[in-house]
Amino acid sequence: MTRNRIPGTKQEQQAELQQWLEWYAGFREEISQGAQLRTLELREAELLERICTAFAPVRGGQGVLYLSGLACDDYLHPENVERVKGQEVRGDWRSIPWQDLLACRHGLGYVDTSEGACYLLPACMCLLMEREEDYSLLESTLSRWAERGFLARLTAGQLACTADFVNEMRLRKFLAQEECSCYNPEHNAWNILFPWESCPEGMSVARAAEAEMIAYMERHNIYPGL
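Residues numbered from 1 in each chain as written. Predicted model: local features only at pLDDT ≥ 70, side-chain atom pairs only at ≥ 80, totals over all residues. Heavy atoms only, no water.

K.L.:
I tried to follow the environment of glutamate 29 on my own but got confused; where do I start?
P.N.:
Topologically, glutamate 29 is positioned in helix α1 (residues 10-32). Assessed through its relative accessible area of 56%, glutamate 29 is described here as exposed. A sequence separation of 71 residues divides glutamate 29 from aspartate 100, and the C-alpha atoms of the two residues are 9.4 Å apart. (Helix = DSSP H or I, 4+ residues; strand = E, 2+ residues; numbered from the N terminus. Buried < 20%, exposed > 50% of the residue type's maximum accessible area, 1.4 Å probe, protein only.)

Set out below in structure tokens:
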């Protein structure tokens, strides 16, 4: 959505917010139409259950989340961003409508607290596991969130779920014979989860990522082409 000028008066702010909410409702409906449900393998269903269990206690806090993040991305007046916060789910993350996550994905980089990032992470992972959507946006979002220290808030169980999710998304690309960015040493999401210092001596991040995915496939008896 584009604006002609910055709203100054309360009346102008209200008009901006109303116009934006009307635009968002149409955008949300349009972008959600192509998100088809996937048929999950048993290992994927088990991973979803692990994610839901590991992240069950997480709450959203008071910072910018998904809808207010999109409002920031659209340069709404700061007071309108605060008003939008009141329309977001901040309790059980499983109650966040997947349509909102999908429509607001370009605003996720504005999440301004590690608490908010830990809250939205499982919701995003479940969305991408359950529906046919591109993983690349969450890769870049993970990079931004990591700069705010959200990984330090994850428990061992939560981090393990996240690592398996990354493997699963890379495996999906691999099985579809698409180019898989995990082999690129600049692959941000993998570097964040498995930084340079944790790699075996003499092994690059790219090679460590490859070894991790092979081990993941072996654990689940996945042998492409056989």
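Continuing now.
K.L.:
Is there a simple way to explain the packing of aromatic side chains in this structure?
P.N.:
Centre-to-centre distance and the angle between the planes together describe a pair of aromatic rings. Taken as a whole, this structure holds 4 aromatic pairs when the rule is applied. Ring plane angle 40 degrees and centroid distance 6.1 Å describe the contact between tryptophan 20 and tryptophan 23, whose orientation is recorded as tilted. Of this pair, tryptophan 20 and tryptophan 23 are both found in helix α1, 3 residues apart, which corresponds to roughly one turn of the helix. For tryptophan 20, a relative accessible area of 0% puts it in the buried group. Geometrically, the ring pair formed by tryptophan 20 and tyrosine 24 is stacked, given 5.7 Å between the ring centres and 15 degrees between the ring planes. (Phe/Tyr/Trp six-rings, centres within 6.5 Å; stacked < 30°, edge-to-face > 60°.)

K.L.:
Before we go on, may I ask you to explain helix α7 (residues 136-147) in this structure?
P.N.:
The α-helix advances 3.6 residues per turn, and as a result positions three or four apart in sequence lie on the same side. The first and last C-alpha atoms of α7 sit 18 Å apart over 12 residues, in line with the 16 Å expected at 1.5 Å per residue. Listed as buried for α7 are Leu138, Glu139, Thr141, Leu142, Ser143 and Trp145. Backbone geometry just downstream of α7 places glycine 149 in the positive-phi region, at approximately 80 degrees. (Expected span 1.5 Å × (residues − 1).)

K.L.:
Help me understand the packing of helix α2 (residues 42-54) against helix α8 (residues 156-175), please; the structure alone is not making it clear to me.
P.N.:
Helix packing geometry: the angle between the two helix axes and the distance between the axes. In contact at an axis separation of 10 Å, α2 and α8 are set at 150 degrees when each is read in the N-to-C sense. It follows that α2 is roughly antiparallel to α8 by the angle criterion. By crossing handedness, the relation of α2 to α8 is classed as left-handed. Touching Arg43, Glu44, Leu47, Arg50, Ile51 and Ala54 of α2 are Gly157, Gln158, Ala160, Cys161, Asp164, Phe165, Glu168, Leu171 and Arg172, all from α8. Residues that form the contact of α2 with α8 fall into these classes: 7 nonpolar, 2 polar and 6 charged. (Axes fitted to C-alpha atoms, helices over the stretch in contact; angles between N-to-C directions. Parallel < 35°, antiparallel > 145°, perpendicular 65-115°, else oblique. Left-handed = near helix turned anticlockwise from the far one by under 90°. Contact = heavy atoms within 4.5 Å. Nonpolar A, V, L, I, M, F, W, Y, C, P; charged D, E, K, R; others polar.)

K.L.:
For this particular structure, what's the right way to read helix α4 (residues 78-85)?
P.N.:
Restricting attention to buried positions, one finds in α4 the residues Asn80, Val81, Val84 and Lys85. For α4, the angular spread of buried residues about the axis comes to 155 degrees, placing them on one side. In this structure, the buried side of α4 is in contact with α1 and α3 (66-73). (Arc of directions from axis to C-beta.)

K.L.:
Would you mind going over unusual backbone geometry with me for this structure?
P.N.:
Negative phi values dominate among residues other than glycine, just as trans dominates among peptide bonds. Of note, tyrosine 75 is a non-glycine position whose phi angle comes to about 60 degrees, a positive value. Along the chain, tyrosine 75 turns up in the loop between α3 and α4. A positive phi is found at asparagine 221, a non-glycine position, where the angle reads about 55 degrees. Mapped onto the fold, asparagine 221 is located in the segment after α10 (205-219).

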